[in-house]
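What follows is the residue order along each chain.
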Amino acid sequence: MASSALLGETLAQVLIPVAAIIGIVFALLQWYLVSQVRVSPEHRSGANNGYDDRLIEDEEEGADSVGVITKCAEIQQAISEGATSFLYTEYKYLGIFMGAFAIIIFLFLGSVKGFSTQSEPCSYNKEKLCKPALANAVFTTVAFLLGAVTSVLSGFLGMKIATYANARTTLEARKGVGKAFITAFRSGAVMGFLLAANGLLVLYITINLFRLYYGDDWEGLYESITGYGLGGSSMALFGRVGGGIYTKAADVGADLVGKVERNIPEDDPRNPAVIADNVGDNVGDIAGMGSDLFGSYAEASCAALFVASISSFGINHDFSAMSYPLIISAMGIVVCLITTLFATDFFEIKSVAEIEPSLKRQLLISTILMTIGIAIVSFVSLPSEFTLFNFGTEKTVKNWHLFVCVAIGLWAGLVIGYTTEYYTSNAYSPVQDVADSCRTGAATNVIFGLALGYKSVIIPIFAIAVAIYVSFSLAAMYGIAVAALGMLSTIATGLAIDAYGPISDNAGGIAEMAGMSHKIRERTDALDAAGNTTAAIGKGFAIGSAALVSLALFGAFVSRAGIKVVDVLSPKVFIGLIVGAMLPYWFSAMTMKSVGSAALKMVEEVRRQFNTIPGLMEGHAKPDYATCVKISTDASLKEMIPPGALVMLTPLIAGTFFGVETLAGVLAGSLVSGVQVAISASNTGGAWDNAKKYIEAGVSQHAQSLGPKGSDPHKAAVIGDTIGDPLKDTSGPSLNILIKLMAVESLVFAPFFATHGGLLFKLL
């Protein structure tokens, strides 16, 4: 090793936690700013509480301001209670699962060497002695539990912030669209920064605590850290599926009876499913998304750290180079902090037309700044030349090679984000074509929407392919792992624009339920339509990064399991490949069916209430919201178990009975088919939703010719939107977790599969 890095170990040890703490402080500052909007009408003593009447635009002058605020506060309370009680129930189930799975990890990994406490030769460096297999079993289990708890916490905090901010956004909308935008965006930023900083901090502390035991055995240390990624993703799977089923059962039920049959507006307080629908936005889109992106982040870090630990970084115990993935994430927090200020402080939004460009600008600014950040990190924390493990051989790599790998991941993310936006935003022709097809009814709308989804896969796949080819050519498997980290390095900004969507959606719902004027509802609708597009961009990022992450984990698994080459022509591998490619379809079938059957119950309940509660349609009687919330809760908790079991058990069964080669085939197959299904499902659903919004908003001449609400084309658009709901919010986003989770689980259990796997083939 000719040269060492400029950044010493001590400095690396200081910089990582400092960046994480800066992130947490910034998040708390944003929270404080949001909390300055009051949601209680007491002590109206003039301008100091933010409700000086001169600030509020004319159309509210005559309205009963105090009554509106009280009503907003009540609705917010109901949504918050519904979301909290659902998550508590979900986490009770997940607690049992966590305990059971932790025991499985311990028993499987402990049994590799018969629970021996003897030190043994390292897997990759036979001359050295490493810690016993039993220690790996214990520490992997601890890392799994830590990852799971952090993941649950990420989701829960996100939900708390969103339910705190929704009514505040509604009230700010009375002062103009700019104020409402800033409130919603700041709340999203709280979630983004808390999640990025917590994920980094917990991982950093875990590594340092594990080092106290492992000492110089970095190979064992970073192998046990992979449990952190497994914990993060397994919680995300249940959060995403459970939350997705909850939100869409309510949404489909509310839309079909309310909008199509009864012809009442969306989020009308007479609709019994309306509270469940708004709760669903928080538990599915916010808590589920939070856990999901945290899982991606944890796994990308674990994959990179694991590959580095068996390369020259780990062998020479070069801590600052070893921590390269963590330093990138630390840099990401700082870059996103600067980026966020562009949206909230540097530029002010004055009109509706500026909302979407401002959110897109966030992506571009963070990507450009992060590219500079990556260059600095690469040249400071890495030696100028080093070797990386490449399936049994060593590959010589220069530090600028890694800069290219991370940067290409980052820019591929931007390409995927912008492509998704082009296919799902109603500002461009694809969605307008879908809206236009509603003229001839729902069938043509569905045909156009499906075609759009399939077509939207092309560019993202090429972007991922280029990123994979370049990063693998330059830096083998490690290159792919850091490319995934590059895509996720701006996670704080990505999550901020993503969480912004459901918060705006809720704000619109609250405005409608509190009976605010039409003008305010128009503003919240504009925020929400932009939010729909950003949510689709967020899903694009999650899927793209999942593809890179799982490929990196796949490489780590192949190395750890001791497979020399994965030969597609060998029957063992090929059967795995074809079964793996089928899994995303099986999984989607389960989640779609779950949404369908839960929505059926919801539709029946909403119809029953409209038919049996006298005076409900006239607005004299209150609907029974609680029953609808209960239907969604029960359905989602019951229905999240089979898809979850499918994903968690597949690697265990394939590895134990068919061996590591078949499992390698299963992983490759599910990765290749899952990415396509996920992108097309998310974009089809997003396009149908925005086609409906396009007709409702009636901004252009074309849109007016299709409207107004209640016209035949509008009804056709609502049907498309309803079909797209489970696609874009349940099946699509959960698939990226399926891809990653199977890969990280296989990596964690690789020592067991390599020793005891393939029982069936051994018997034959």
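The numbers attached to residues start from 1 for each chain and follow its sequence in the written order. Local features are withheld for residues below a pLDDT of 70 in this predicted model, meaning they are given only at 70 or higher, and side-chain atom pairs are given and counted only at 80 or more; totals for whole chains, interfaces and linings count all residues. Side-chain measures were taken over the full set of non-hydrogen atoms in the model, leaving aside hydrogen atoms and water.

### Some thoughts on the overall build of the protein
Now for step 1: Broken down by element type, the protein carries 23 helices and 4 strands.
Now for step 2: Here, two residues are considered to be in contact whenever any of their heavy atoms come within 4.5 Å of each other. Residue pairs at least 24 apart in sequence account for 84% of intrachain contacts in the protein once pairs closer than 6 positions are excluded.
Now for step 3: Accessibility throughout is a Shrake-Rupley quantity obtained with a 1.4 Å probe, and a residue counts as covered only by protein chains that appear here. Roughly 25700 Å² of accessible area belongs to the protein as shown, and the carbon and sulfur atoms make up 67% of that amount.
Now for step 4: Positive and negative side-chain charges in the protein, numbering 49 and 62 respectively, have mean positions lying 2 Å apart. Helix numbers and strand numbers start at the N terminus; a helix is a DSSP run of H or I with at least 4 residues, a strand a run of E with at least 2. Lys and Arg are tallied as positive, Asp and Glu as negative. Neither His nor the chain termini are counted. For this purpose, a charge sits on NZ of Lys, CZ of Arg, CG of Asp or CD of Glu.

### Observations concerning the pattern of salt bridges
Now for step 1: Should a side-chain nitrogen of Lys or Arg be within 4 Å of a carboxyl oxygen of Asp or Glu, the pair is scored as a salt bridge. Considering all chains together, one arrives at 26 salt bridges under this definition.
Now for step 2: The residue Asp 436 makes a salt bridge to Arg 439 at a minimum N-O spacing of 2.9 Å.
Now for step 3: A salt bridge links Lys 539 to Asp 729; the shortest N-O distance between them is 3.0 Å. In this pair, Lys 539 is assigned in helix H16 (residues 518-560) and Asp 729 in helix H22 (residues 712-756), connecting sequence segments 190 residues apart.
Now for step 4: Among the ionic contacts, a cluster of salt bridges with common partners joins Lys 248, Asp 251, Asp 528, Lys 539, Asp 689, Lys 692, Lys 693, Asp 721, Asp 725, Lys 728 and Asp 729.

### Some details on unusual backbone geometry
Now for step 1: In this structure, Asn 263 is a non-glycine residue whose phi angle is positive, near 55°.
Now for step 2: In this structure, Ala 476 takes a positive phi of about 50° despite not being glycine.
Now for step 3: Within the fold, Ala 476 resides in helix H14 (residues 458-488).
Now for step 4: Residue Ala 476 is classed as buried on the basis of its relative accessible area, which comes to 0%. Buried residues are those whose accessible area, probed at 1.4 Å on protein chains only, stays under 20% of the maximum for their type, while exposed residues exceed 50% and partly exposed ones sit between those limits.

### Thoughts on the side chain of Asn 445
Now for step 1: Checked against the element boundaries, Asn 445 lands in helix H13 (residues 442-455).
Now for step 2: Taking relative accessible area as the criterion, Asn 445 reaches 1% and is therefore assigned buried.
Now for step 3: Residues contacting Asn 445, with those up to four places away along its chain left out, are Val 434, Ser 437, Cys 438, Trp 688, Ala 716, Ala 717 and Gly 720.

### Considerations on the side chain of Asp 528
Now for step 1: Inspection of the secondary structure assignment puts Asp 528 in helix H16.
Now for step 2: The exposure class assigned to Asp 528 is buried, which follows from its relative accessible area of 6%.
Now for step 3: When near neighbours in sequence (up to four residues on either side) are disregarded, Asp 528 contacts Gly 501, Ser 504, Asp 505 and Lys 693.

### Concerning helix H4 (residues 177-214)
Now for step 1: Each residue after the first adds 1.5 Å to the expected span of a helix. The terminal C-alpha atoms of H4 lie 55 Å apart, and with 38 residues this matches the ideal 56 Å at 1.5 Å per residue to within 8%.
Now for step 2: Most of H4 sits out of view: 31 of its 38 residues are buried.
Now for step 3: Of the residues flanking the end of H4, it is Gly 215, one or two places downstream, whose phi is positive at about 60°.

### A closer look at the layout of surface pockets
Now for step 1: Cavities and pockets were defined on a 1 Å grid built from protein atoms only: a cavity is a group of points that admits a 1.4 Å probe but offers it no way out, a pocket is an open group of points flanked by protein on both sides within 12 Å along at least five of seven lines, and a lining residue is one with an atom within 4 Å of any such point. Grid points are joined across faces, edges and corners, and a volume is the space filled by probe spheres set on the points. Considered as a void within the structure, the largest pocket measures approximately 1000 Å³ in volume.
Now for step 2: Ala 526, Ala 529, Lys 693, Ala 697 and Val 699 are, among the 36 residues lining the largest pocket, the residues nearest its centre.
Now for step 3: At the level of elements, helix H10 (355-381), H16 and helix H20 (660-697) are the ones that each hand at least two residues to the lining of the largest pocket.
Now for step 4: When residues of the lining of the largest pocket are assigned to their parent elements, the largest contribution, 9 residues, is made by H16.

### So, the packing of helix H2 (residues 65-110) against helix H5 (residues 218-261)
Now for step 1: Every axis corresponds to a line fitted to the C-alpha atoms, with the helix fit spanning only the stretch in contact, and the corresponding angles, defined between N-to-C directions, vary from 0 to 180 degrees. Contact pair H2 / H5: the axes reach a minimum separation of 11 Å and the direction vectors enclose 145°. Between H2 and H5 the crossing geometry is right-handed. Only Leu 230, Ser 234, Met 235, Phe 238, Gly 239, Gly 242, Gly 243 and Tyr 246 of H5 make contact with H2, whose side of the interface consists of Phe 86, Glu 90, Leu 94, Phe 97, Met 98, Phe 101 and Ile 105.
Now for step 2: Any residue outside Ala, Val, Leu, Ile, Met, Phe, Trp, Tyr, Cys, Pro, Asp, Glu, Lys and Arg is labelled polar, Gly included; the first ten of those are nonpolar and the last four are charged. When grouped by side-chain class, the residues that make up the contact of H2 with H5 number 10 nonpolar, 4 polar and 1 charged. By definition, any crossing whose near helix is turned counterclockwise from its far helix by less than a right angle is left-handed, and any crossing with a clockwise turn is right-handed.

### Looking at the packing of aromatic side chains
Now for step 1: Each Phe, Tyr or Trp ring, with Trp reduced to its six-membered ring, pairs with another whose centre is within 6.5 Å; inter-plane angles below 30 degrees give stacked pairs, above 60 give edge-to-face pairs, and intermediate values give tilted ones. Applying the stated criterion across every chain, the model contains 25 aromatic pairs.
Now for step 2: Look at Tyr 91 and Phe 156: their rings are 6.3 Å apart centre to centre, the planes differ by 65°, and that puts the pair in the edge-to-face class. Highlighted residues: Tyr 91 in helix H2 and Phe 156 in helix H3 (residues 133-172), separated in sequence by 65 residues.
Now for step 3: Ring geometry for Phe 139 and Tyr 214: centres 5.2 Å apart, planes at 55°, overall tilted. In this pair, Phe 139 is assigned in helix H3 and Tyr 214 in helix H4, connecting sequence segments 75 residues apart.
Now for step 4: Overall, Phe 139 belongs to the buried group, its relative accessible area being 17%.
Now for step 5: Residue classification places Tyr 214 among the buried positions, given a relative accessible area of 2%.
Now for step 6: Cation placement over rings: the criterion is NZ of Lys or CZ of Arg within 6 Å of the ring centroid and within 35° of the ring normal. The ring of Tyr 164 is capped by Arg 168, whose NZ or CZ atom sits 3.9 Å from the centre of that ring.

### Looking at the nonpolar core
Now for step 1: Tyr 324, Ile 355, Tyr 478 and Phe 557 are the most contacted members of the largest nonpolar core, which has 228 residues in total.
Now for step 2: At 21 residues, the largest contribution of residues to this core is made by H4.
Now for step 3: Aside from chain neighbours lying at most four places away, what touches Tyr 324 is Ile 374, Val 377, Ser 378, Ser 381, Leu 382, Leu 402, Phe 403, Val 406, Tyr 478 and Val 482.
Now for step 4: Residues enter a nonpolar core if they are buried and are Ala, Val, Leu, Ile, Met, Phe, Trp, Tyr or Cys, with the set joined through side-chain atoms within 4.5 Å. In terms of nonpolar packing, the next biggest core, distinct from the first, is built from 18 residues, Val 431, Ala 687, Ile 695 and Leu 706 among them.

### Remarks on empty space enclosed by the protein
Now for step 1: Scanning the model with the defined rule gives 9 cavities of 30 Å³ or more in all.
Now for step 2: Of the pockets and cavities examined, the largest cavity occupies roughly 340 Å³.
Now for step 3: Around the largest cavity sit 30 residues that line it, and Asp 285, Asp 505, Asn 532, Lys 728 and Asp 729 are the ones nearest its centre.
Now for step 4: Sort the elements by how many residues they give to the lining of the largest cavity and H16 lands first, with 6 residues.
Now for step 5: Of the residues contributing to the lining of the largest cavity, the split by class is 4 nonpolar, 6 polar and 20 charged.

### Here's the deal with the packing of H2 against helix H19 (residues 641-658)
Now for step 1: Their axes nearest at 13 Å, the elements H2 and H19 cross at an angle of 20°. The angle between the axes of H2 and H19 places the two elements in the roughly parallel class. Helix-helix and strand crossings are classified by hand; for H2 and H19 the assignment is left-handed. Between H2, through Phe 97, Phe 101 and Phe 108, and H19, the contact on the second element is made entirely by Met 648, Leu 652 and Thr 656. Angle categories are assigned with fixed cut-offs, so that under 35 degrees is roughly parallel, over 145 is roughly antiparallel, 65 to 115 is roughly perpendicular, and the rest are oblique.

### Quick word on H19
Now for step 1: Along its 18 residues, H19 runs 25 Å from first to last C-alpha, staying within 8% of the 26 Å computed at 1.5 Å per residue.
Now for step 2: A bend of about 35° at Leu 649 is the largest found in H19, and the proline Pro 651 appears one to four places after it.
Now for step 3: Burial in H19 covers these residues: Pro 643, Gly 644, Leu 646, Val 647, Met 648, Thr 650, Pro 651, Leu 652, Ala 654, Gly 655 and Thr 656.
Now for step 4: Looking at the residues trailing H19, positive phi occurs at Gly 659, about 95°. One axis is fitted to the seven residues ending at the residue and one to the seven starting there. The bend at that residue is the angle between these axes.

### Quick look at the environment of Met 742
Now for step 1: For Met 742, the location among the structural elements is in helix H22.
Now for step 2: Counting along the chain gives 192 residues from Met 742 to Ser 550, while the straight-line C-alpha distance between them is 8.3 Å.
Now for step 3: In this structure, Met 742 is in contact with Leu 583, Val 647, Thr 650, Pro 651, Val 666, Leu 667 and Ser 670, ignoring residues within four places of it in sequence.

### Points about the environment of Ile 458
Now for step 1: Within the element layout of this structure, Ile 458 appears in helix H14.
Now for step 2: Judged by its relative accessible area of 45%, Ile 458 falls in the partly exposed class.
Now for step 3: In sequence terms Ile 458 and Ala 196 are 262 residues apart; their C-alpha atoms lie 30 Å from each other.

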